Amino acid sequence: MRELEQTGKTVEEATEKAILELGVNEDEVDIEILEEGSRGIFGLGAKQARVKVVVKSNPSAVAEKVLSDILTSMNLDVKIIDKKEENNIVRFCLSGDSLGILIGRHGRTLDSLQLLLNIIANKENKDKKERIRIVVDGEGYRERREQTLQGLAEKMARKAYETKKNIVLEPMLPYERRIIHTVLQDNPYVNTYSQGDEPVRRVVISPRK
Amino acid sequence: MKQLLEMLAKSLVDHPEAVEVSQVEGERSIILEVKVAPDDMGKVIGKQGRIAQALRTIVKAAAVKEGKKVMVEIIQ
């Protein structure tokens, strides 16, 4: 975290000097007044104001920097084409010829990237309220994957019903299992539950008796 | 690849200056050894090895183009 102590005739002047020196905007810093300072009488006993200016960590900017560094060092032809911020969720959209490599099988590489970015971006953030969530997407991949899982859920539910046997799906991440459970929660023919421990926890689709 | 892993490890830990990555290159495989400060071990391994697994997945993706097998080992 970058910080700077600065003095001036008044608190405002000291703050302004510090901000200028750090090269940031006023809303990007926390200001701590160390000494108010006073004019004194006829220049006698005048005391300088002293402030400490701390640049607030900006998780979204950290995430963007790290993501672009990762893409560069991976030496893949993939670029960040869009960044959207909304309610503490930052969504990066990637695009490029090597996007497939970056997404990986069933999105495993994309999910790993997302996990690391979430940890790194929130590292300096001890305050839970200020935590942000990072989503990394590539050319609409997340939506396609969701549709694929929904289709799979319907198909396997039918199979469970027809064969009257439990169907155990592949291990999935929590958000993927949630998609399956949600699709089938009102299905009159099957129940769903999860079994096993992370990271090999699986959804089981079981016919209702 | 070494640079990628080094950068990721340094971003995750509290003591980036203690991060060392060494690369042993064979004909078909590369072994990358990551060394971090003892109290940073948890930061690069994570609960049930989630972070370590994520690091391996990303490094492997970076190695796809080179057609080599990469192994990432975390040592103290």
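Model, not experiment: these values are computed from the prediction.

### Digging into the domain arrangement of chain A
Often, the extent of an interface is quoted as the loss of accessible area upon association of its parts. Residues and elements named next belong to chain A. Partitioning chain A into structural domains gives domain 1 (3-55), domain 2 (59-139) and domain 3 (144-207). For domain 2 versus domain 3, the separation of C-alpha centres amounts to 28 Å. Facing the four residues of domain 2 at the interface are seven residues of domain 3. Note on domain 2 versus domain 3: buried area summed over both sides is about 430 Å², and carbon and sulfur give 29% of it. Sorting the residues of domain 2 by area buried against domain 3 places His106, Arg108 and Asp111 first, and these three jointly supply 76% of that buried surface. Scanning the region where domain 2 abuts domain 3 turns up one salt bridge. The closest approach of N and O atoms between Arg108 and Glu176, which form a salt bridge, is 3.5 Å.

### A word on the sheet that holds strand E2 (residues 29-35) of chain A
All names here are of chain A. Taken together, the three strands give an open sheet; going across it, the order is E1-E3-E2, and neighbouring strands pair in antiparallel fashion. Two strands in the sheet have a free side with no partner beyond their single neighbour: strand E1 (3-8) and E2. Direction aside, the axes of adjacent strands within the sheet are offset by 25° on average. On the sheet, helix H1 (residues 11-22) packs against E1, E2 and strand E3 (49-55) and is oriented at approximately 140° with respect to E1.

### Comments concerning the side chain of Ser98 of chain A
Looking at the element boundaries, Ser98 of chain A is found in the loop between strand E5 (89-95) and helix H3 (99-103). A polar contact is formed between the side chain of Ser98 of chain A and the backbone nitrogen of Asp77 of chain A, at a distance of 3.1 Å. With residues near it in sequence (within four places) discarded, Ser98 of chain A still touches Leu76, Asp77 and Val78 of chain A together with Lys65 of chain B.

### With respect to a negative patch on the surface
Residues and elements named next belong to chain A. A cluster of acidic residues, Glu12, Glu13, Glu16, Glu26, Asp27, Glu28 and Glu36, forms a negative patch at the surface. Structurally, Glu13 can be placed in helix H1. What makes Glu13 partly exposed here is its relative accessible area of 33%.

### A word on the interface of chain B and chain A
The interface of chain B with chain A comprises 20 residues on the first partner and 19 residues on the second. Between chain B and chain A, a total of about 1,700 Å² is buried, with carbon and sulfur atoms accounting for 75% of that surface. Across the chain B-chain A interface, the total number found is zero salt bridges. Applying the counting rule to chain B against chain A returns two residue pairs in polar contact (both at pLDDT 80 or more). At the level of elements, helix H1 (2-12) and helix H3 (50-63) of chain B are the ones that each hand at least two residues to the side of chain B that touches chain A. Looking at which element gives the most residues to the side of chain B that touches chain A, the answer is H3 of chain B, with eight residues. By residue class, the composition of the side of chain B that touches chain A is 12 nonpolar, four polar and four charged.

### Details of the nonpolar core
In terms of nonpolar packing, the biggest core is built from 51 residues, with Ile70, Met74 and Leu94 of chain A together with Leu4 of chain B touching the most fellow members. A total of eight residues in this core trace back to one element, the largest contributor, which is H3 of chain B. When residues no more than four places from it in sequence are discounted, the contact partners of Met74 of chain A are Leu102 of chain A together with Leu4, Ile58, Ala61 and Ala62 of chain B. Core analysis: the second largest hydrophobic core is formed by 14 residues, Ile167, Leu169, Ile179 and Leu184 of chain A among them.

### Comments concerning the packing of helix H4 (residues 108-121) of chain A against H1 of chain B
Orientation of H4 of chain A relative to H1 of chain B, taken along the N-to-C sense of each, is 40°, at an axis distance of 9 Å. As far as their axial angle goes, H1 of chain B and H4 of chain A are oblique. The segment H4 of chain A lies against H1 of chain B, with Leu116, Ile119 and Ile120 of chain A engaging Leu8, Ser11 and Leu12 of chain B. Tallied by class, residues from the contact of H4 of chain A with H1 of chain B come to five nonpolar, one polar and no charged.

### A few points about unusual backbone geometry
All names here are of chain A. Positioned with a positive phi, Asn87 is a non-glycine residue whose angle comes to about 40°. Looking at the secondary structure, you find Asn87 in the loop between strand E4 (79-86) and E5. Take Asn87: its relative accessible area is 69%, and that puts it in the exposed class. The backbone of Lys164 shows a phi angle near 55°, a positive value even though the residue is not glycine. Looking at the secondary structure, you find Lys164 in the loop between helix H5 (141-163) and strand E7 (167-171).

What counts and what doesn't
- Per chain, the residues get numbers from 1 upward, laid out in the order the sequence is written.
- Each chain gets a letter, beginning with A, and each ligand a number, beginning with 1, in the order they are written.
- In view of the model being predicted, local features appear only for residues whose pLDDT reaches at least 70, and side-chain atom pairs are presented and counted only at 80 or more, with totals across whole chains, interfaces and linings using the full set of residues.
- Just so you know, side-chain values use all the structure's heavy atoms and leave hydrogens and water out.
- A domain assignment, automatic or from a database, supplies the domain bounds used here.
- What makes two residues a contact is simply this: any of their non-hydrogen atoms within 4.5 Å.
- Summed over both partners, the accessible area (1.4 Å probe) lost when two parts come together is defined as the buried area.
- Just to be clear on terms, a salt bridge is a Lys or Arg side-chain nitrogen sitting within 4 Å of an Asp or Glu carboxyl oxygen.
- Only when DSSP finds a minimum of two bridges between them are two strands counted as paired.
- Helix numbering and strand numbering both begin at the N terminus, where a helix is a DSSP run of H or I of at least 4 residues and a strand a DSSP run of E of at least 2.
- All axes are obtained by fitting lines to C-alpha atoms, using only the stretch in contact for helices, and the reported angles, taken between N-to-C directions, cover 0 to 180 degrees.
- Any pair of nitrogen or oxygen atoms within 3.5 Å is treated as a polar contact; in protein, a donor-acceptor pairing is required on top of that, and neighbouring residues in sequence qualify only through side-chain atoms on both sides.
- Note that patches include only residues with greater than 30% relative accessible area and no salt bridge, and the join distances are 9 Å for like charges and 5 Å for nonpolar side chains (Val, Leu, Ile, Met, Phe, Trp, Tyr).
- In this description, accessible areas are obtained by the Shrake-Rupley approach with a 1.4 Å probe, and a residue is regarded as covered only by the protein chains that are shown.
- Just so you know, the count uses Lys and Arg for positive and Asp and Glu for negative, and it drops His and the chain ends.
- We put the charge of a Lys on NZ, of an Arg on CZ, of an Asp on CG and of a Glu on CD.
- Relative accessibility under 20% of the residue-type maximum defines a buried residue, over 50% an exposed one, and the middle range a partly exposed one, all with a 1.4 Å probe and only protein chains included.
- Residue polarity is assigned by list, with Asp, Glu, Lys and Arg as charged and Ala, Val, Leu, Ile, Met, Phe, Trp, Tyr, Cys and Pro as nonpolar; anything else, Gly included, falls into the polar class.
- Nonpolar core, defined: a set of buried Ala, Val, Leu, Ile, Met, Phe, Trp, Tyr and Cys residues in which side-chain atoms within 4.5 Å join the residues together.
- For classification, angles of less than 35 degrees are called roughly parallel, those exceeding 145 degrees roughly antiparallel, those between 65 and 115 degrees roughly perpendicular, and all remaining angles oblique.

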